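Okay, here's what each chain looks like letter by letter:
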Amino acid sequence: MKISDTKKLAAITAAFFITVTAFSGCSESANSSQTTSSVSQAAKSDIDASIAAEDIDVGYDEESSVGITFSDGSATISGEGATAEGETVTISQAGTYILSGTATNGRIIVSADKSAEIKLIFNGVDITCADNAPLLVSKAKKVYIVLEDGTENVLTDGASYSLGEDDSNTDGAIFSKADLTINGSGTLTVNANYKHGIVSKDDLVITDGNINVTSASTAIEGKDSVKISGGTFNISAGTNGIKSTNTEASDKGFISVTGGTFTVVANNDAFEAETVLSIEGGSFDITTGGGSANASMKSDGTPNSDWQNNMGNGGGGPNGMGRPDDNGNGMGGEPPAMPTADDTGLTIETTANTTTGSDSTDTSDSTSTSAKALKAGSEVNISGGEFKIDSADDSVHSNGNIVIKGGSISAASGDDGMHANGNLTISEGTIDITKSYEGIEGSIVTIDGGTISVVSSDDGINCAGGSDTGSTDRMGADQFSAQEGVELNINGGTVTIDADGDGLDSNGNFTMAGGVVYVCGPTNGGNGALDYNGTATVTGGTLIACGAVGMEEGFGDTSTQYSVLHDLGSTVSANEKLTITDSDGKEILNFTPTKTWQSVVFTSADLKEGETYTITAGSQSETVTIDGIVTSNSTGMSFGGGHGGGPGGGRGF
């Protein structure tokens, strides 16, 4: 077909929109309340996520194109620029090539000038190659794969490759040493039995298409970057789902997603960016490592030694983590000591990809297993999209920072719901962590807005300094150690915590200036609904936090808003409504904890000095008169100061 002016205009308009959205919101507002940590790595503002009009353009001039038809063990070529030897076709000139037919043991090899741009029109082509990549781009400036509307296109490789010196690094069914773009509304199915599915050693751009990849290793990889603006993706990966690997420059090694529909089942990470993972839109259904039922952590804070054995079958190990009322393995009494490497019983699997050539997809052996859903080396930045995540390991993870500016995330995690080695900032969006070991974790956690719900078998929100090393101490474990300079800041939003460890835990300071917070905290006296190691200051907002007596803490006297820490005379049953009323009987606050409790912390702008309030829960009713900025009857070990959450919160004091 010939491209129409309308299609050209549509492509240019779409590319302009993607470019604008890719650069919008790249830097934090000068008024942001986020506190900067020592992590200085690539951020969204450092990457170029724009997509050019030609990456969206699906048009071509059929009359000037070269036709290539596979049939009966050979290939017929009409036009210049390509040659055939049996079912192997070599393209050596720039131009447009229309591919159709079936090859039972064939290949397409692109070996052109480094300045050549080549457009491959997949018009119902089915190529199987038993011992090499069905599509190899060894030399070109850029290659476009256009999936013709209404067509089914299939590329299949064998379980082993026979490689020579010229293609010794080839390890993907589609393997390109040049920039690669995939667009069009047709269907592409890649059966990668050797290793990877779709690989570009430069930039990989996908703007449309129905993409189905089943791979022994990584499904989709762009070394320098992966940019996706649309398409429907069904991925089943032996290791990673979508990956970018460049470690040499801070503006490379990133993944940018602005749209598309994704179903990803991966034994390891679903999305892994060496630097930045930026998601602005799309729909995501992600399962990693067999899902949260195959948890990398038990609920008592020790590794699940069986989790790797169950990654490939979607089943959970016999000791998989769950909420205490699910399996009876709740947190209780003294927090357990962290195991040493010799105690874990973990067997670390080494990947089979040991090629070390400069163009190789895999540059070193893997020494650990990671099964995270969304993972980045420098920053995870989410401003839109809908996510359904079931992960054996962390659901969202960054070795640097996490920035959440929008979107809707529902996650069940076998380890942390969200983990940042650096700062974790939430300003908008909906986050529902239905299962986790620790819910939200970072050195500095700042909540400026959004609706957040967390269920955790240890701490709900944990702030501490350190890193998640994925070491043999615990696969995907959080090796936090207490240090100064960590903070929990709540300035807005609605936060609901159901934690069996500490509800809100900061190894440094806790500051609340706004928002609404509900905490259904621990039922054992070894943890607290609030836990901090420095100071706790409230200047605004509303909080009700219920938990056990023993280690309860309230806000400090440096606050400017009144607060109460009150221990009732006896334990209150689960699902009994708690109300706080003033002397006129007006209800000020209410909350219905889903677990037993005895101690409550509450603060509200409606509290007034000298006023008497009635606390009613179940059959108990007690009064308290505000006699200072902090009012308390607590005799707990930690009133007026914090014992702090040690490594991973409840795992040590």
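Residues numbered from 1 in each chain as written. Predicted model: local features only at pLDDT ≥ 70, side-chain atom pairs only at ≥ 80, totals over all residues. Heavy atoms only, no water.

### Details of the overall build of the chain
No. 1: Assigned secondary structure in the chain consists of 4 helices and 55 strands.
No. 2: The proportion of buried residues among the 653 residues of the chain is 59%.
No. 3: Of all intrachain contacts in the chain linking residues separated by at least 6 positions in sequence, the fraction that spans at least 24 positions is 57%.
No. 4: In the form shown here, the chain has an accessible surface area of approximately 22700 Å², with 44% of it arising from carbon and sulfur atoms. (Helix = DSSP H or I, 4+ residues; strand = E, 2+ residues; numbered from the N terminus. Buried < 20%, exposed > 50% of the residue type's maximum accessible area, 1.4 Å probe, protein only. Contact = heavy atoms within 4.5 Å. Areas by Shrake-Rupley, 256 points an atom, 1.4 Å probe, with all protein chains shown as cover.)

### Considering the side chain of Q598
No. 1: Mapped onto the secondary structure, Q598 falls in strand β52 (residues 597-603).
No. 2: You can call Q598 buried: its relative accessible area is 16%.
No. 3: Of note is the side chain of Q598, whose polar atom sits 2.9 Å from the backbone oxygen of L568.
No. 4: Ignoring any residue separated from it by four or fewer positions in sequence, one finds Q598 in contact with G547, V549, H566, D567, L568, G569, S570 and T571. (Polar contact = N/O pair within 3.5 Å; in protein donor to acceptor, adjacent residues only side chain to side chain.)

### Focus on the packing of aromatic side chains
No. 1: Under the criterion given, the structure shown has 8 aromatic pairs.
No. 2: Look at F262 and F284: their rings are 4.8 Å apart centre to centre, the planes differ by 0°, and that puts the pair in the stacked class. A residue pair is termed long-range when its members are at least 10 positions apart, and F262 in strand β22 (residues 261-266) and F284 in strand β25 (residues 283-288) qualify at 22 residues.
No. 3: Using a relative accessible area of 1% as the deciding quantity, one classes F262 as buried. (Phe/Tyr/Trp six-rings, centres within 6.5 Å; stacked < 30°, edge-to-face > 60°.)

### Concerning the environment of F387
No. 1: Along the chain, F387 turns up in strand β28 (residues 386-391).
No. 2: For F387, a relative accessible area of 4% translates into the label buried.
No. 3: Separated by 106 residues in the primary sequence, F387 and G281 place their C-alpha atoms 9.8 Å from one another.
No. 4: Those residues in contact with F387 that lie beyond four places of it in its chain are I279, F284, L374, I382, S408, I409 and S410.

### Description of the pattern of salt bridges
No. 1: Throughout the structure, instances matching the rule amount to 8 salt bridges.
No. 2: A salt bridge links K375 to D269, with the shortest nitrogen-to-oxygen separation between them at 3.1 Å. In this pair, K375 is assigned in strand β26 (residues 374-376) and D269 in the loop between β22 and β23 (271-273), connecting sequence segments 106 residues apart.
No. 3: In this structure, the salt-bridge partner of K372 is D393, at a minimum N-O distance of 3.0 Å. Of this pair, K372 sits in the loop between α4 (341-344) and β26 while D393 sits in the loop between β28 and β29 (396-398); the two residues are 21 residues apart in sequence, bridging distant segments of the chain. In this pair, the class of K372 matches that of D393, namely buried.
No. 4: Through salt bridges with shared partners, one network takes in D269, E272 and K375. (Salt bridge = Lys/Arg side-chain N within 4 Å of Asp/Glu carboxyl O.)

### Examining the nonpolar core
No. 1: Among the nonpolar cores identified, the biggest contains 104 residues, and I198, F271, L374, L504 and F510 are the most heavily contacted of them.
No. 2: A total of 5 residues in this core trace back to one element, the largest contributor, which is strand β7 (residues 117-129).
No. 3: In this structure F510 touches L488, I490, L504, L530, Y532, T535, A536, T537, L543 and F555, once residues within four positions along its chain are discounted.
No. 4: Counting 20 residues, the second-largest nonpolar core is a separate cluster that includes V564, F591, W597 and L607. (Core = buried A, V, L, I, M, F, W, Y, C linked by side-chain atoms within 4.5 Å.)

### Some details on unusual backbone geometry
No. 1: Within the chain, D72 stands out as a residue other than glycine whose phi angle is a positive 55°.
No. 2: In this structure, N575 takes a positive phi of about 65° despite not being glycine.
No. 3: Its location among the elements puts N575 in the loop between β49 (563-572) and β50 (578-581).
No. 4: By relative accessible area, which is 53% here, N575 ends up exposed.

### Here we look at the sheet that holds strand β54 (residues 620-625)
No. 1: The sheet built from 4 strands is open, its strands ordered β51-β50-β53-β54 with antiparallel pairing. For this open sheet the edge positions go to β51 (587-591) and β54, each flanked by a neighbour on one side alone. Going from strand to strand, the sheet's axes swing by 15° on average, the running direction of each strand aside.
No. 2: In terms of strand pairing, strand β53 (residues 612-617) meets β54 through 6 bridges, oriented antiparallel. Each bridged residue has a counterpart across the sheet, and for I615 the counterpart in β54 is E622. (Pairing = 2+ DSSP bridges. Axes fitted to C-alpha atoms, helices over the stretch in contact; angles between N-to-C directions.)

### Observations concerning the confidence of the model for the chain
The predicted structure's coordinates, where accompanied by low pLDDT, should not be read in detail.
No. 1: Of all residues in the chain, 77% attain a pLDDT of 70 or more, and the chain-wide mean is 83.
No. 2: Low pLDDT (under 50) marks residues 1-14, which in the prediction has 19 contacts with non-local residues, meaning those over four places away or in another chain.
No. 3: Across residues 16-40, where pLDDT falls below 50, the model places 44 contacts with residues more than four positions away in sequence or in other chains. (pLDDT = per-residue confidence, 0-100.)

### A word on the side chain of E441
No. 1: By the secondary structure assignment, E441 is in strand β35 (residues 440-442).
No. 2: Residue class for E441 comes out buried when judged on its relative accessible area of 0%.
No. 3: Polar side-chain contacts of E441 include one of 2.7 Å to the side chain of N462.

### Focus on the pairing of strand β12 (residues 179-184)
No. 1: For β12, the buried fraction is high: 5 of the 6 residues fall into the buried class.
No. 2: Sheet topology places strand β9 (residues 142-147) next to β12; 6 bridges connect them, and they run parallel. Note that in β12 the partner of V143 across the bridge is L180.
No. 3: Of the pairings in the sheet, the one linking β12 to strand β15 (residues 203-206) comprises 3 bridges and is parallel in character. By the bridge assignment for β15, L180 is matched with L204.

### Some points on the pairing of β51
No. 1: With 4 bridges joining them, β50 and β51 adopt antiparallel strand pairing. Within β51, the residue paired with T581 across the bridge is E587.
No. 2: Following β50, the chain reverses through 5 residues before pairing antiparallel with β51; G585 in that reversal takes a positive phi of roughly 85°.

### A word on the environment of V58
No. 1: With respect to the helices and strands, the residue V58 is situated in the loop between α2 (53-56) and β1 (66-71).
No. 2: When its relative accessible area of 26% is taken as the criterion, V58 is described as partly exposed.
No. 3: The spatial distance from the C-alpha of V58 to the C-alpha of I182 is 9.6 Å, given a sequence separation of 124 residues.

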